[in-house]
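What follows is the residue order along each chain.
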Amino acid sequence: MAPQAHDNNLVLVVDDDPSQLFTLEDILKEENLDPICCKSAREALLAMEKFEVNVAILDLRLPDDNGLDLLRKLKKKNPRLRAIINTAFATLDSAVTAVNEEAFAFVKKMGDVRDLLSYVHRAFHQHLTQYSETLKEEVNKRTAELSLANKALRKEINEHRHAEKELLESRNKLQTLIETVPMGLFECDINGAIIQPNSTLSTITGYTKKELLQMRLSDFYEQSSKQKNLQQYRNYLVENLPDPEPYFTQIQHKAGFAMDIQVDWTYKRDENGQVIGFVCALSDISQQKKLEEQLRHAQKMETISTLASGIAHDFNNVLVPIIGYTELAMKELEGQAEARYDLNQVINAAERARELVQQILLFSYKGGQVNKPVFIHVILKEALKFLKASIPATIEIRKSIDADCSRVTADPTQIHQVFTNLCVNACTAMSETGGMLEVYLDEVELDNKDVRFTDNLEAGRHVRLRVKDSGVGIEKKNISRIFDPFFTTRDVGDGTGLGLAVVQGIVNSHNGYISVESEPGVGSTFTVYFPVAKEDKMQGNELEIKQVSLDNYQGDEKVLIVDDETAVVEILQRMLEHFGYQVTSCSSGPNAIDAFRECPNDFDIVITDQTMPKLTGVQVANELHAIRAEVPIILSTGYSENINPNALDELGITALLKKPYELTVIGQTLRAALT
């Protein structure tokens, strides 16, 4: 049996957005209401056949019907239905149509949910009030049967009161809708003078209603463009009478900042059809545009991060055999100092490549300054690769980069930004005529005399970066201002003037110093000094042979290794056999699982790569533990943001071995896992 009309808590909710539907369902249940959730007009009409619903929340846009058309159909089934229009596509026309269709309220999505709940409770309250009135009428009707003399009079009084109440409710409903709709509603006359602004317009623009009533539309724009906008307003709207279409523009808030807005409008006509003004709805979309920009940035950074992680994984797989075979060769060349020295340089180069991978990963994340000892020449060389692809062919790059420069303590991402900004500025100075971009990097010793006129520099060794161009140069009067924020010599709209200010800020934060020399028509040279990291030693100045001791890492256990890279499998097997281990190798997760299942007690430990086709290393580990729970498993990874070393126990992993690895690291890790 359907619930009685006066005592049920049913609320019909119609929305094709599942997340919105679930959210409304939870909110209404918290209010002790019983939501009936429908994703289409068809479901809503079927629900009305089963239940007597007196309150509904309707979306305007549905997959099989329009929200207002659905309202008409629902009203035919239950004329007492109080429907609240809840939509993200609010316009003045839709709001007016909703009122004409006797919608109880009109609420914009993503607003304050308390507004929606307030209207729902008002609807129930009004329903109960109307039901009470119905009971009164029933009592009056029955009383009239006993008092025929008073029946006609009482009926007339009740009808009169009911009409007054409906008229008052209609007026209050319209006024409430106008004041609470999330748009700045107002009328204006033919000259743009504002009439009848609502409270939302005051909230959006910052002006009080009293101030708005003394303003014209042109007053929303900057002083310099008021007359122009007023003339355009008259010529375009009054003379051409275009079809009303929403448009986007910028206005000035009372506080002085610019706002992005959407304007929906229509004509206001007199009884003869003549245009006497306009009805406008103004929506602040500044936050929406900001969120769109943040989304675009987030998507871009996510793409860069994905690309960087893929590069890191593949590059580390390349470095594994380079480091591994070199270390094995060094082991077999004991006593041959010259050959071991040459191979040690290969190791040093591979280690720099490993650092480069880490720097690429750092470039893919947005964050604060993360200082660490870095080689600037590695950053410059990588940045130049990207720069070459983006500059005009009329600009030639000449470089002299000393790869023996010491490390500096710096944030690699910010050093990259400094160098890129200087190069972009140099290329801009040569964009019309072409020219030569020269990049120099060397290491210098500065004494007290050299640093006496600088703020941050101290005497000592510094890495010096110079970026030189043959462009238009800088006038002498502007030299002292080029590092000032917002100062630029470019045309309006071509640059913000923040580039060099940001560069100087980064250099200063690294205890460095930047200077410029320039002459109009000749070009400019920017020189940057970074202090050498105190714990760093000069590279390549002495014979430094890497000693690999294997005595403490010998073993004869049986090891199963799993990796889809053939070169990695081969070198890892060679390394383990040098330690004395008995090795079985597999090139895929499924093959390894089959081999382990066939002889689960023949293996003392497993080393598996994380990133492989078909099954990941963690999935392989789970399968192997299902066969033999106590077998120790080492997870090898070139790069995986999903593997947290602190969560290895939860994953059933004994140890994490990061590529590219060295003999000593493998030996230490294996012995620790087997102990």
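Refer to the preceding data block for the structure.
Attention in this report is confined to the structure presented alongside it.

Reading the values: the criteria
Residues numbered from 1 in each chain as written. Predicted model: local features only at pLDDT ≥ 70, side-chain atom pairs only at ≥ 80, totals over all residues. Heavy atoms only, no water. Pairing = 2+ DSSP bridges. Helix = DSSP H or I, 4+ residues; strand = E, 2+ residues; numbered from the N terminus. Axes fitted to C-alpha atoms, helices over the stretch in contact; angles between N-to-C directions. Buried < 20%, exposed > 50% of the residue type's maximum accessible area, 1.4 Å probe, protein only. Arc of directions from axis to C-beta. Contact = heavy atoms within 4.5 Å. Phe/Tyr/Trp six-rings, centres within 6.5 Å; stacked < 30°, edge-to-face > 60°. Parallel < 35°, antiparallel > 145°, perpendicular 65-115°, else oblique. Left-handed = near helix turned anticlockwise from the far one by under 90°. Nonpolar A, V, L, I, M, F, W, Y, C, P; charged D, E, K, R; others polar. Polar contact = N/O pair within 3.5 Å; in protein donor to acceptor, adjacent residues only side chain to side chain. Expected span 1.5 Å × (residues − 1). Salt bridge = Lys/Arg side-chain N within 4 Å of Asp/Glu carboxyl O.

## Notes on the sheet that holds strand β3 (residues 55-58)
Thought 1: Spatially, β2-β1-β3-β4-β5 is the arrangement adopted by the five strands of the open sheet, whose pairing is parallel. In this open sheet, the two edge strands, each paired with only one partner strand, are β2 (34-38) and β5 (105-108). Neighbouring strand axes in the sheet, compared pairwise and without regard to direction, differ in orientation by 20 degrees on average.
Thought 2: Note that strand β4 (residues 82-87) and β5 share four bridges and pair parallel.

## Points about helix α2 (residues 41-50)
Thought 1: Taken together, the buried positions of α2 are A41, A44, A47 and M48. One side of α2 holds all its buried residues, which, seen down the axis, span an arc of 120 degrees. Away from its buried face by more than 90 degrees, α2 exposes R42, E49 and K50.
Thought 2: Looking at the packing, one finds that the buried side of α2 touches β1 (10-14), β2 and α3 (67-77).

## A closer look at the packing of aromatic side chains
Thought 1: This structure, assessed with the given rule, holds seven aromatic pairs.
Thought 2: Judged by centre distance (5.9 Å) and plane angle (70 degrees), the rings of W265 and F278 are edge-to-face. Taken as a pair, W265 in strand β9 (residues 258-269) and F278 in strand β10 (residues 275-284) lie far apart in primary sequence, 13 residues in all.
Thought 3: Judged by its relative accessible area of 10%, W265 falls in the buried class.
Thought 4: We classify F278 as buried; its relative accessible area is 1%.
Thought 5: Ring centres 6.4 Å apart and planes at 65 degrees place the aromatic pair F579 and Y581 in the edge-to-face group.

## Considerations on unusual backbone geometry
Thought 1: Residues K659 and P660 are joined by a peptide bond in cis, for which omega reads -10 degrees.
Thought 2: Tracing the backbone shows P660 in the loop between β22 (655-658) and α21 (663-674).
Thought 3: For N32, which is not glycine, the phi dihedral falls at a positive 65 degrees.
Thought 4: Topologically, N32 is positioned in the loop between α1 (18-30) and β2.
Thought 5: Backbone geometry places Q196, a non-glycine residue, at a positive phi of 50 degrees.
Thought 6: By secondary structure assignment, the location of Q196 is in the loop between β7 (194-195) and α7 (199-205).

## Observations concerning the packing of helix α12 (residues 376-388) against helix α13 (residues 412-429)
Thought 1: It is the contact of α12 with α13, at a shortest axis distance of 10 Å, that shows an interaxial angle of 50 degrees. The orientation of α12 with respect to α13, classified from their angle, is oblique. Judged by the twist between their axes, the crossing of α12 over α13 is right-handed. Of the residues in α13, those in contact with I376, I379, L380, A383, L384 and L387 of α12 are P412, I415, H416, F419, T420 and C423.
Thought 2: Partitioned by chemical class, the residues of the contact of α12 with α13 number 10 nonpolar, two polar and no charged.

## Notes on the environment of G324
Thought 1: Counting through the fold element by element, G324 comes out in helix α10 (residues 286-332).
Thought 2: Beyond its immediate chain neighbours, meaning those up to four positions away, G324 contacts I571 and M575.

## Topic: the sheet that holds strand β15 (residues 460-469)
Thought 1: The sheet built from five strands is open, its strands ordered β12-β14-β15-β17-β16 with mixed pairing. Two strands in the sheet have a free side with no partner beyond their single neighbour: β12 (395-401) and β16 (513-519). In this sheet, neighbouring strand axes are inclined to one another by 15 degrees on average, regardless of whether the strands run parallel or antiparallel.
Thought 2: The sheet contact formed by β16 and strand β17 (residues 523-531) spans seven bridges and is antiparallel.

## A short note on the side chain of D65
Thought 1: Relative to the elements of secondary structure, D65 occurs in the loop between β3 and α3.
Thought 2: Reaching out from D65, the side chain makes a polar contact with the side chain of K73 at a distance of 2.8 Å.
Thought 3: Sequence-distant contacts of D65, that is, excluding residues within four places in its chain, are made with A41, L60, L70 and K73.

## Thoughts on α21
Thought 1: Here α21 is 12 residues long and its end C-alpha atoms lie 17 Å apart, about the 16 Å a rise of 1.5 Å per residue gives.
Thought 2: Buried residues of α21: L663, I666, G667, T669, L670, R671 and A673, and no others.

## Let's talk about the pairing of strand β8 (residues 247-252)
Thought 1: Summarising the sheet, β8 and β9 pair through six bridges and their orientation is antiparallel. Residue pairing across strands places F248 opposite Q262, the latter belonging to β9.
Thought 2: The antiparallel pairing of β8 with β9 creates a hairpin that spans five residues between the two strands, and G256 there sits at a positive phi of about 110 degrees.

## Re the pattern of salt bridges
Thought 1: Scanning the entire structure with this criterion turns up 16 salt bridges.
Thought 2: In this structure, the salt-bridge partner of K77 is E49, at a minimum N-O distance of 2.4 Å. Note that K77 is positioned in helix α3 and E49 in helix α2, a separation of 28 residues in sequence.
Thought 3: Take E49: its relative accessible area is 56%, and that puts it in the exposed class.
Thought 4: For E52, the salt bridge is made with R80, and the minimal N-O distance between the two is 2.8 Å. On the criterion of sequence distance, the pair formed by E52 in the loop between α2 and β3 and R80 in the loop between α3 and β4 is long-range, its members being 28 residues apart.
Thought 5: Of the residues examined, E52 reaches a relative accessible area of 26% and is grouped as partly exposed.
Thought 6: Each of D442, R464 and R466 takes part in one network of salt bridges that share partners.

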